[in-house]
Amino acid sequence: MSEPRIRDFRPGDSATLGRLFYDTVRTINSGDYTAEEIAAWVPAIPASDWAARRARTRIVLVAEDATGLLGFAELRASASHLDCLYTRHDTQGRGVATALLRAIEVRACALGLSRLHTEASITARPFFERRGFRLLARQQVERNGVKLVNFRMEKTLTKLTRPATAQS
């Protein structure tokens, strides 16, 4: 798989992102969460409107190639919060999430952010640890009446993750 193209979200991406989110959680995360937990996390294909989410001060980036959308990441810049990072279940381990995270880090640095925070699933925790995030706390969150384990994590953005600037 070649490096995916990363671009800003477009309103026409909403339905595909909802399906991608549903399929990924139901396929990939089912190895770490029970059927009850998965059903509470994503009870149905979300009709969530990413265009409306983006309008609420979120930056949504998508990865795509000739086969279509491969994944997405969502940054709530006002809180330095990486809210979502999901890749299509059939592209796991092929660099899509890494490319999306890199693009989010560059965008965050361009906005003057010095840290990123996230709540990583059991499944995603090793991915984030390998990319410089440190564990802050194990926590339980409630979704539709069911408690799920996830991990609060943070990464300090360094000069290496910041885009190069011209010397004067």
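Shown above is the structure to which this text applies.
Not measured: the values here are computed from a predicted model.

Caption draft 1: Local environment of the overall build of the chain. Looking only at helices and strands, the chain features five helices and seven strands. Helices (α) and strands (β) of the chain occur, in sequence order from the N terminus, as β-α-α-α-β-β-β-α-β-α-β-β. When the 168 residues of the chain are sorted by exposure, 46% land in the buried category. Considering only contacts in the chain between residues 6 or more positions apart, those separated by 24 or more positions represent 62%. Accessible area of the chain: about 8,800 Å², with a carbon and sulfur share of 49%.

Caption draft 2: Structural context of the pairing of strand S3 (residues 68-76). Here S3 lies mainly inside the structure; seven of its nine residues are buried. Inspection of the sheet shows strand S2 (residues 58-65) paired to S3 by eight bridges, in the antiparallel sense. Counted as the bridge partner of Leu61 is Ala73 from S3. Between S2 and S3, which pair antiparallel in sequence order, lie two residues. Looking at chain direction, S3 and strand S4 (residues 81-87) are connected through six bridges and run antiparallel.

Caption draft 3: Main features of the nonpolar core. In terms of nonpolar packing, the biggest core is built from 27 residues, with Leu75, Leu85, Leu100, Ile104, Leu116 and Phe128 touching the most fellow members. Going through the elements one at a time, S2, S3, S4, helix H4 (96-110), strand S5 (115-121), helix H5 (125-130) and strand S7 (146-156) are the ones with two or more residues in this core. Looking at which element gives the most residues to this core, the answer is H4, with eight residues. Those residues within four positions of Ile104 in sequence are excluded, and the remaining contacts are Leu61, Ala73, Leu75, Leu82 and Leu116.

Caption draft 4: Quick peek at the packing of aromatic side chains. All chains considered together, the criterion is met by five aromatic pairs. Among the aromatic residues, those joined into a ring-pair cluster are Phe21, Phe72 and Tyr86. When the ring centre of Phe151 is taken as origin, the NZ or CZ atom of Arg125, which lies over that ring, is 4.6 Å away.

Caption draft 5: Structural context of the side chain of Glu105. Its place among the elements puts Glu105 in helix H4. A distance of 2.7 Å separates polar atoms of two side chains, one belonging to Glu105 and the other to Lys155.

Caption draft 6: Highlighting the sheet that holds S4. The seven strands lie next to each other as S1-S2-S3-S4-S5-S7-S6, forming an open sheet whose pairing is mixed. The outermost strands of the open sheet, each flanked by one partner alone, are strand S1 (5-8) and strand S6 (134-143). If you compare each strand with its neighbour and ignore which way they point, the axes differ by 30 degrees on average. Here helix H1 (residues 14-27) sits on the sheet in contact with S2, S3 and S4, set at roughly 90 degrees to S3. Packing of H4 onto the sheet brings it into contact with S1, S2, S3, S4, S5 and S7, and relative to S4 it is tilted by some 155 degrees.

Caption draft 7: Representation of H4. The terminal C-alpha atoms of H4 lie 21 Å apart, and with 15 residues this matches the ideal 21 Å at 1.5 Å per residue to within 8%. Val96, Ala97, Ala99, Leu100, Leu101, Ala103, Ile104, Glu105, Ala108 and Cys109 are the residues of H4 that are buried. At the C-terminal side of H4, Gly112 shows a positive phi close to 85 degrees.

Analysis parameters
Residues numbered from 1 in each chain as written. Predicted model: local features only at pLDDT ≥ 70, side-chain atom pairs only at ≥ 80, totals over all residues. Heavy atoms only, no water. Helix = DSSP H or I, 4+ residues; strand = E, 2+ residues; numbered from the N terminus. Buried < 20%, exposed > 50% of the residue type's maximum accessible area, 1.4 Å probe, protein only. Contact = heavy atoms within 4.5 Å. Areas by Shrake-Rupley, 256 points an atom, 1.4 Å probe, with all protein chains shown as cover. Pairing = 2+ DSSP bridges. Core = buried A, V, L, I, M, F, W, Y, C linked by side-chain atoms within 4.5 Å. Phe/Tyr/Trp six-rings, centres within 6.5 Å; stacked < 30°, edge-to-face > 60°. Lys NZ or Arg CZ within 6 Å of the ring centre and 35° of its normal. Polar contact = N/O pair within 3.5 Å; in protein donor to acceptor, adjacent residues only side chain to side chain. Axes fitted to C-alpha atoms, helices over the stretch in contact; angles between N-to-C directions. Expected span 1.5 Å × (residues − 1).

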